[in-house]
Structures are given as C-alpha cells and as structure tokens.
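# Commentary on secondary and tertiary structure
Each chain, written out:
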Amino acid sequence: MDKWLRNTNVVRVVALIIGIFLWVVVHMEETNVSGTSPLRERVETINNVAITTRYDESRYFISSMSPSNVQVILSGKESAVKKVTTSNNYQIQLDLTQVGKGDHELSLTPVGFPSDVEVQVVPRTVHVVIEELQMKEVPVVINIKGTPAAGLKAGQPIVKPNKVYITAPTSKLEQIENVLGEVSVDKAQSAVTKQVRLQAFNKEGKEVVVNMNPTVVDVEVPITSPFQTIPLQLKLSGEPPKGYAIASVTQNPDKITVYGTQEEVDRLEFYQGPQLSIQDIKETKDYSLDIPLRNKVTQLDPDKVIVRVEIVPSITKAMENIPITIIGQNENYNTKVVAPDTAKLNVTVEGAPALIDQIKPEDIQAILDVSNLPPGKHELNVTMNLPTYVKLGLPEDVKATVEISEKAPKVARP
C-alpha cells in the first residue's frame, strides 16, 4: 500500500477519481435545488380570484360587494401548489345563507384546496350589501310604430298576457315606470300578429334590467277602416190604437261602432238605425232588427239591435193655462193673440200612467208661427211640443187667432 502511495501516477489517478466523484455529487445537489423536485417548498400568488357567493337567489339580491376579487397566496410542497394552479376546482367562497338583508362584513372561506397547501386570502373579509327581492305586477304597454296602408288605421292592441310579474330589489322596483313592447304596422293591410319582447324603463326612458315573467307576449294589432263609437238612433212610426200608449222603448246596444272613410266617420254625430212601426200595437213586444249600412259606411259593430217596446193602457189628463209662444214675428208689426184672449190654452194629454202622472204645464210648449204673415187676423194651427211618448188628446187640432197690425209711427219731439 505504501508502495502505491509513493507512486506518483497512482496518486494522480486516485485524485482524478475523487475529483470526478465530488463533481457528480455537487452537480446533483444543484439540480435538486433549482429543478422541480416535489420535495421543494414553493410560494405562489394568484391575483384577481373571483368570489363565489352562496345565498337564496329567490329571496335576496346582492346590490354591492367590495372587493369582488381577491388575492390568494399559496404555500406548500411544489407538487401540491402546482396542482392548485393548474386546476379550477378551488373557490374563494362567501357564505350568505345565514344572513338576511342589510350591510354585512363577512369572512371569506377557501374551498377545494388540498389539505397540504396553506392558503392565505387577501383581504380576508369583504363588505356586502344584501337587498330583499319583491314581486310587482305591471301592465304591458304596446307602442304602435308606422302607418297602415292608405285608408286604414290601427286599432287597440290585444296583448296576451296583458300584465307581467317583475321580481327585483325594492330600489329597482321603485325606478320602474312602465313595461313596453313595440309593434310596427307600417303599410299593413290586415291585422298584425307577432311575439314581442318586453323591456322595463324608468321615468327617464332608460332600460332597467330586472327579472320579468314573461319576457315575451303575444300581440295582435287590428287593422281596420277609420271608426268611431256614436249613439244609435231608432225611428218609430205609427201609433198604438186609441186607449193604448208607449210606456218605454229600450234598445241594446244604445251605441254602435261605425267604420268607413275618415271623412264620413268624422261627420257623424249619431247613426240613424232601422225604422220600427208600432202601428196598432196593443201589447209589449221585443224586436230583433238589422241595422242598415248608409252612405259611405262600410261596417257596423254590432249590426243588429234588440228593441223592447212596452205598450200599456193609456190615461188622459187636462192641462190648463199653457202659454202660447209666438215665433217669426216681424219687428215692424204688432202681433197679438186675440183668441183665446188670455193667450193661454187648455188641452188634454194622453199617455202611459207613469208618464202622465208626472207631467206639468211647464213640460208642454204651444208654438204659434206667424212667419211671413201680412197685417190682419189669422187663425192658425198651434204646434204642441209634448214629452216623449205623450200625445195630444181631444181636440187633436189646437187653433189660435192672432192679429197683426202696423206699429204707430214715432212722433219726433220738437
């Protein structure tokens, strides 16, 4: 052995082997330190991690949360940390199931992280404002856009359903002014039917995003000729026989919707319906009558009218001192009633008991028309204006005499 150690070449070879061995050991340690050894400790920071909330979404609404994102600092064995950063199984959770509406400062909970990884959340707590959800029923308004084809007009939209339910926090519900949809009828020649998406708007006309049920409704917009609803006028002809009178006439409907040209529709104040003869009718009767189209009217709604005529035995009543009213007199002549000399009439009226019992002298007008008559005496028929369904008894013709004379000329004073 001593002999080998004294040999210079042997010593050199041994020294070379030892040097190579030390180099290999040092190189392996460096590799373990700088590589991805699963045993090495590692610290990893993840920024802008969204907070996951747990709460009853059917009852509450989160109106604000500060902050909404946090920073997560992980520490642990490199292999464990790497598993976290390459997966999406973890959450930073905010549990609101045990709190109600109001302002809250609450802690965040890491969920889904390996047990061998230490997790630090920055910040650890958040400030959250919770509002309670309310439900409100709101009517639907449909805006009509455009103009139908010439001579036609859009009717009132038919909406199904015509109301929607809005669920939102109280602060949002108070902002809502209306729920609107829009239908175009431009150049339409027939009814427009479509499904319409609804939006909620505030007083300033800005959309308010809320939970709405339903969000789409069925809308039908009728396209018709111009129309208006006006009174329906019936015309009675004839009279019941002597001893009978009309107690009442009722009709259904009493108003009618008339369609036609715009000019014709605008001109009408009432619509003249069918004529009904009650000649020699002695008992109450019901009638179903067709309503005729007249002039430029194209459609009627409805096109029939039900009429009930109540006939009862009549009674008479004497009416005294009915003043005579003169019309049509010439301002250059004096006109005077000379017969009767009181210028008042006594007449008999006939009608249904309920009407005759209530009639008073002031309900009757006696009109004497002297238009275009020359000076002298004239016996004239008196026109009697009587309440509806009341007729004149005997005598049926009432006369009066007037005297027309020139006015004396005015004498000029000296």
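For every chain, the first residue of the written sequence is number 1, and numbering continues from 1 onward in sequence order. Note on the predicted model: pLDDT of at least 70 is required for a residue's local features to be given, and 80 or more for side-chain atom pairs to be given and counted; whole-chain, interface and lining totals, by contrast, use all residues. Only hydrogens and water are removed before side-chain values are computed, so all heavy atoms of the structure are retained for them.

## What about the sheet that holds strand β29 (residues 376-381)?
Quick reminder of the rule: Strand pairing is assigned whenever DSSP identifies at least 2 bridges connecting the two strands. Think of it this way: any DSSP run of H or I at least four residues long counts as a helix, any run of E at least two long counts as a strand, and we number them from the N terminus. Between the N-to-C directions of two axes lies an angle of 0 to 180 degrees, each axis being a line fitted to C-alpha atoms and, for a helix, fitted only over the stretch in contact.
Strand order across the open sheet formed by 3 strands is β26-β32-β29, with antiparallel pairing between neighbours. A strand with exactly one partner marks an edge of an open sheet, and here the two such strands are β26 (333-339) and β29. In this sheet, neighbouring strand axes are inclined to one another by 30° on average, regardless of whether the strands run parallel or antiparallel. Two elements, β26 and strand β32 (residues 399-406), share 6 bridges in a ladder whose sense is antiparallel. When the sheet's bridge partners are listed, A339 is paired in β32 with T401.

## Considering the sheet that holds strand β10 (residues 158-160)
Strand order in this open sheet of 3 strands is β10-β16-β13, and the pairing throughout is antiparallel. The sheet terminates laterally at β10 and β13 (192-197), the two strands that pair on one side only. Each neighbouring strand pair of the sheet contributes to a mean axis angle of 25°, computed without reference to strand direction. Where β10 and strand β16 (residues 216-221) come together, 3 bridges link them in antiparallel fashion.

## Looking at the packing of aromatic side chains
Think of a pair of aromatic rings as described by two things: how far the centres are apart, and how the planes are tilted against each other in angle. Condition: Each pair of aromatic rings taken from Phe, Tyr and Trp, with Trp reduced to its six-membered ring, is defined by centres within 6.5 Å and is described as stacked if the planes are under 30 degrees apart, edge-to-face if over 60, and tilted in the remaining cases. Classification of residues uses two cut-offs on accessible area relative to the type maximum, computed with a 1.4 Å probe and protein chains only: under 20% is buried, over 50% is exposed, and between them is partly exposed.
On inspection of all chains with the given rule, the structure shows 2 aromatic pairs. Ring centres of Y90 and F113 lie 4.9 Å apart, and the angle between their planes is 35°; on these two criteria the pair is classed as tilted. Within this pair, whereas Y90 is found in the loop between α3 (78-85) and β4 (91-95), its partner F113 is found in the loop between β6 (109-111) and β7 (118-122), the two being separated by 23 residues in sequence. Of the two residues, Y90 and F113, both sit in the buried class. Aromatic pair F227 and Y259: ring centres 5.3 Å apart, planes at 40°, arrangement tilted. Here the residue F227 occupies a position in strand β18 (residues 227-237), and Y259 occupies one in strand β20 (residues 255-260), the gap between them amounting to 32 residues. Taking relative accessible area as the criterion, F227 reaches 30% and is therefore assigned partly exposed. Looking at Y259, the relative accessible area reads 12%, which means it is buried.

## A few points about unusual backbone geometry
Cis geometry is adopted by the peptide bond preceding P214, which originates at N213 and carries an omega value of -5°. As for its placement among the helices and strands, P214 is situated in the loop between β15 (211-213) and β16. In this chain, A339 is followed by P340 through a cis amide linkage whose omega measures -5°. Residue placement: P340 occurs in the loop between β26 and β27 (344-351). Even without being a glycine, N372 presents a positive backbone phi close to 65°.

## Observations concerning α3
To keep things clear, this is the line we draw: Directions drawn from the helix axis to the C-beta atoms are what define this arc. By definition in these notes, contact holds between two residues if any of their heavy atoms fall within 4.5 Å.
What α3 keeps buried is the set E78, A80, V81 and V84. Viewed along the axis of α3, the buried residues span an arc of 165°, placing them on a single side of the element. The elements touched by buried residues of α3 are β1 (41-54) and β3 (69-77).

## Concerning the pairing of β20
A large share of β20 lies buried, amounting to 5 of its 6 residues. Examined bridge by bridge, β18 and β20 share 5 bridges and lie antiparallel to one another. Opposite Q228, over in β20, you have V258 as the bridge partner. Bridging between β20 and strand β23 (residues 297-301) involves 4 bridges; their strand directions are antiparallel.

## Structural notes on the side chain of K391
Topologically, K391 is positioned in strand β31 (residues 391-392). Non-local contacts of K391, meaning those with residues more than four positions away in its chain, are made with E239, P240, P241, Y244, T348, V349, E350 and L386.

## Looking at the side chain of N202
Going by this rule: In protein, a polar contact requires one atom able to donate a hydrogen and another able to accept it; more generally it is a pair of N or O atoms within 3.5 Å, and residues adjacent in sequence count only if both atoms are side-chain atoms.
For N202, the position within the fold is in strand β14 (residues 199-202). Side-chain polar atoms of N202 contact the backbone nitrogen of E204, separated by 3.0 Å. Ignoring anything within four residues of it in the chain, the contact list for N202 reads Q175, E177 and V208.

## Here we look at the pattern of salt bridges
Note the threshold: By definition here, a salt bridge exists when the distance from a side-chain nitrogen of Lys or Arg to a carboxyl oxygen of Asp or Glu is within 4 Å.
Throughout the structure, instances matching the rule amount to 13 salt bridges. Residue E137 is joined to K163 by a salt bridge in which the shortest nitrogen-to-oxygen separation is 4.0 Å. With E137 in strand β8 (residues 125-145) and K163 in strand β11 (residues 163-169), this residue pair connects regions lying 26 residues apart in the sequence. Judged by its relative accessible area of 40%, E137 falls in the partly exposed class. With a closest N to O distance of 2.9 Å, D286 and R308 form a salt bridge. Note that D286 is positioned in strand β22 (residues 285-290) and R308 in strand β24 (residues 304-313), a separation of 22 residues in sequence. The exposure class assigned to R308 is partly exposed, which follows from its relative accessible area of 42%. The network of salt bridges with shared partners includes R40, R42, E44 and E78.

## What to know about the environment of D286
Sequence-wise, D286 and I306 are 20 residues apart; in three dimensions their C-alpha atoms are separated by 7.1 Å. Not counting residues up to four positions away in its chain, the partners in contact with D286 are V307 and R308. A polar atom in the side chain of D286 sits 2.9 Å from the side chain of R308.

## Description of the environment of A339
The residue A339 is located in strand β26 in this model. Taking C-alpha positions, A339 is 5.5 Å from A400, a pair spaced 61 residues apart along the chain. Ignoring sequence-local partners within four residues, the contact set of A339 consists of A400 and T401.

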